[in-house]
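Coordinate analysis (summary)
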Amino acid sequence: MTAEPTDGSQEDAPAPAGGTQVIDTREGFARAVLAALDECAEAGAQHLWLCDRDFARWPLGQPAVIEALTRWAGSRRRLTVLAAGYDGFAQRFPRWVHWRRQWSHIVQCLAVHEEVADKLPTLLFAPERVAVRLHDGERYRGRIYRETADLVSCRELVEALLQRADDSFPVTTLGL
């Protein structure tokens, strides 16, 4: 058993395989997202899922997140983004939008149907590896999951949402 930090902060190192960690601050969520992306880049995870209603809580504009995504991106990789919509996304996350243009061949952005938009979790999911999920977005309460049963549950949730989603947020828009 590992000792908990005595200063109230979370450790930056990933949890050992099979463990879960608690997220209880905005900074903790940002660290968990970055750590999961770093882990996925190091391990060569094939598929990443990012889910949220509007991604307002996410650190997608941080340079460290873009660097981690760039290290992860490569051949045979796939990033699927599920949102209720992408209004304001380009204004909030211009770095991510620029990164996405470069990697558009591996990034798919989907918008879920209105009737399931409220069921969208705040979730980063790498199958068979890690899931970072906020259960209470207002208080930034969540967990980092690694147990097989938890990861299977995340996969089932994402697959159910996919059945109610359509392509959205094109890389470029054509205008007259």
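Further up the page is the structure itself.
Read on for a plain summary of the structure. Keep in mind that what you see is a predicted model, and the values were worked out from it rather than measured. Throughout this document, residue positions are counted from 1 along each chain, in the order its sequence is written. With the structure being a predicted model, the display of local features is reserved for residues of pLDDT at least 70 and the display and counting of side-chain atom pairs for 80 or more, all residues being used for whole-chain, interface and lining totals. Processing note: side-chain calculations cover all non-hydrogen atoms of the structure and skip hydrogens and water entirely.

What follows is about the environment of G44. A helix here means a DSSP run of H or I that spans at least four residues, while a strand means a run of E at least two residues long, and both kinds are numbered starting from the N terminus. Here G44 shows up in the loop between α1 (26-43) and β2 (47-51). Burial here depends on accessible area, computed with a 1.4 Å probe over protein chains only, as a share of the maximum for the residue type. Under 20% is buried, over 50% is exposed, and the range in between is partly exposed. Since its relative accessible area comes to 16%, G44 is described here as buried. Separated by 28 residues in sequence, G44 and W72 have C-alpha atoms that sit 6.6 Å apart.

Another aspect to go through is unusual backbone geometry. With a phi angle near 65°, R76 is a residue other than glycine that sits in the positive phi range. Mapped onto the fold, R76 is located in the loop between α2 (63-72) and β3 (78-83). Residue R76 is classed as exposed on the basis of its relative accessible area of 73%.

So, on to the pairing of strand β7 (residues 141-145). Summarising the sheet, strand β1 (residues 21-23) and β7 pair through three bridges and their orientation is antiparallel. When the bridges of β7 are listed, V22 appears paired with R143. Pairing analysis gives five bridges linking strand β6 (residues 130-136) to β7, with the strands arranged antiparallel. Bridging from a neighbouring strand, V132 pairs with I144 of β7. For two strands to be treated as a pair, DSSP must find no fewer than two bridges joining them. Hairpin geometry of β6 and β7 is characterised by an intervening segment of four residues between the two adjacent antiparallel strands and by a positive phi of about 55° at Y140.

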